[in-house]
Amino acid sequence: MQVIVQEAPFDPGEILTRFAAAGAGAVVTFTGVVRGEGHLSGMLIEHYPGMTERAIGAMVEDASARWNLTDALVIHRYGPLAVGEAIMMVVTASAHRAAAFEAAEFLMDYLKSRAPFWKKELGPDGSTWVASKDEDEAALRRW
Amino acid sequence: MQVIVQEAPFDPGEILTRFAAAGAGAVVTFTGVVRGEGHLSGMLIEHYPGMTERAIGAMVEDASARWNLTDALVIHRYGPLAVGEAIMMVVTASAHRAAAFEAAEFLMDYLKSRAPFWKKELGPDGSTWVASKDEDEAALRRW
Amino acid sequence: MYFAWVRERIGVPREEVETGAATVADLVVELSAREKRYALAFSDLAALRVAVDQTLTTFDAPLAGAREVAFFPPMTGG
Amino acid sequence: MYFAWVRERIGVPREEVETGAATVADLVVELSAREKRYALAFSDLAALRVAVDQTLTTFDAPLAGAREVAFFPPMTGG
């Protein structure tokens, strides 16, 4: 189980290749990418050093307790990101596909609303803090 | 949208890197890997050429009609596979994570029970056809 | 056409059959009467699936105009 | 500590505060009375979240023994 919070870019493909080679049976990944919709020129992600690692670590422990995972990884960037760059990635590995899928969705739902990151979108007319969505808060209720 | 049925190995990481670079916002992958549990030495996958491509193509079309996907890919191998090799992979890309997750699970559930592949496990005491699971058939009912 | 253990029991992956059978079930009866290996492969239809012209269907499906019939166990893809 | 638009409104990312406030809510009242930028940042507590010593909590949480209090808008990770 691994939690990585970093400013540097990372390669989602390289991470999946490593997990697939470990031979767990089922590997699920989620990758979030900066979209270039509208005229967005990029994104700035603020985070709470220390609490971020703590909060995500607790989520990964929760997921490991609820599902039979052979491995899991969460990597999340902060700082300036360009359009098309990967923001974050969740990987779950299990002998069974249902466990891998559910654990990945659980981690995503918690990362959205409970990991101390704040996204600011950078556009031609200035920058805007991304508002949280009611549906993201609602998504937590299913777990 | 792409359906690939081939005997040759493929690199899941290379495929994810390509999808992530397309900048859809949310990319979900599922990779199935040959497990080395017990004393399995490998797997042999039989398929129904022609029907396989047709059946998977129809599943991908169904998924595209039900969810707002910017892209999707299913790649599935047949023939002899070694322990640790990737059997198949599903990739879904969308602006929204829920759509990407649901479409990937839908495709996996249908691939398990409705794509004409048959797995034979190769062990020290000979080979055995993998039995279908009632839970895989049941999984289709949620869609 | 036959796949997986159906193919192994019958001994060939495919064969040409001229038949007047009206449905898949009729064809199964006809083949089963022909030789023991067919009777053995078709002994439990609940454990079998069938496709006519590459589309999954049921045993009561008509064969009129069909060019390709395939018998196989439940699929185990993914 | 302050993050995102709370940090921008208050103008500093972090500061040392000596306080006798019993709860987070008391601290908010104390800071809001101090200067307008605090009152502005804390005008709608429903739009704010708070963590005490890096653990998410509520505004009625006690501050006894707390070393680090952070105010921020709802998180937008993932």
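Everything quoted here is computed from the prediction, not taken from an experiment.

K.L.:
Residue-level account of the nonpolar core, with values.
P.N.:
If you look at the biggest cluster of nonpolar residues, it comprises 62 residues, and the most contacted ones within it are Val90(A), Leu111(A), Val90(B) and Leu111(B). Beyond its immediate sequence surroundings of up to four residues, Leu111(B) is in contact with Ile56(B), Met59(B), Val74(B), Met88(B), Val90(B), Gly77(C) and Gly78(C). Ala21(D), Val50(D), Val52(D) and Phe72(D) belong to the second largest nonpolar core, which has 31 residues in total.

K.L.:
Talk me through the side chain of Lys119(B); I want residue IDs and the actual numbers.
P.N.:
Note on placement: Lys119(B) falls in strand β7 (residues 117–123). Despite its burial, Lys119(B) remains without a salt bridge, the nearest opposite charge being carried by Asp136(B) at 7.6 Å. Polar contacts involving the side chain of Lys119(B) include one to the main-chain carbonyl oxygen of Gly78(C), which spans 2.6 Å. With near-sequence residues (within four places) excluded, Lys119(B) lies in contact with Met43(B), Leu44(B), Ile45(B), Ile87(B), Lys112(B), Thr128(B), Trp129(B), Val130(B), Thr76(C), Gly77(C) and Gly78(C).

K.L.:
Talk me through the packing of helix α2 (residues 51–66) of chain A against helix α3 (residues 97–114) of chain A; I want residue IDs and the actual numbers.
P.N.:
When two helices pack together, their arrangement is given by the angle between their axes and by how far apart the axes lie. Residue and element names in this part refer to chain A. Closest axis-to-axis distance for the α2/α3 pair is 10 Å, and the angle between their directions is 155 degrees. As the angle between them shows, α2 and α3 are arranged roughly antiparallel. Once α2 is placed against α3, the crossing between them reads as right-handed. Across the interface between the two elements, Ala55, Ile56, Met59, Val60, Asp62, Ala63 and Arg66 of α2 pack against Phe106, Leu107, Tyr110, Leu111 and Arg114 of α3. Of the residues that constitute the contact of α2 with α3, the class distribution is nine nonpolar, no polar and three charged.

K.L.:
Break down the sheet that holds strand β8 (residues 126–129) of chain A for me, citing the residues and quoting the values.
P.N.:
The pairing of strands in a sheet comes from backbone hydrogen bonds and takes either a parallel or an antiparallel form. Residue and element names in this part refer to chain A. Strands sit in the order β5-β3-β7-β8 across an open sheet of four strands; the sheet is antiparallel. The sheet is open, and its two edges are formed by β5 (79–82) and β8, each paired on a single side. The mean angle between the axes of side-by-side strands here comes to 25 degrees, regardless of whether they run parallel or antiparallel. Pairing of strand β3 (residues 42–47) with strand β7 (residues 117–123), which is carried by six bridges, proceeds in the antiparallel orientation. Along β7, the bridge assignment pairs glycine 42 with leucine 122.

Cut-off values and rules
Residues numbered from 1 in each chain as written. Chains lettered and ligands numbered in written order. Predicted model: local features only at pLDDT ≥ 70, side-chain atom pairs only at ≥ 80, totals over all residues. Heavy atoms only, no water. Core = buried A, V, L, I, M, F, W, Y, C linked by side-chain atoms within 4.5 Å. Buried < 20%, exposed > 50% of the residue type's maximum accessible area, 1.4 Å probe, protein only. Contact = heavy atoms within 4.5 Å. Helix = DSSP H or I, 4+ residues; strand = E, 2+ residues; numbered from the N terminus. Lys, Arg positive; Asp, Glu negative; His and termini not counted. Salt bridge = Lys/Arg side-chain N within 4 Å of Asp/Glu carboxyl O. Polar contact = N/O pair within 3.5 Å; in protein donor to acceptor, adjacent residues only side chain to side chain. Axes fitted to C-alpha atoms, helices over the stretch in contact; angles between N-to-C directions. Parallel < 35°, antiparallel > 145°, perpendicular 65-115°, else oblique. Left-handed = near helix turned anticlockwise from the far one by under 90°. Nonpolar A, V, L, I, M, F, W, Y, C, P; charged D, E, K, R; others polar. Pairing = 2+ DSSP bridges.

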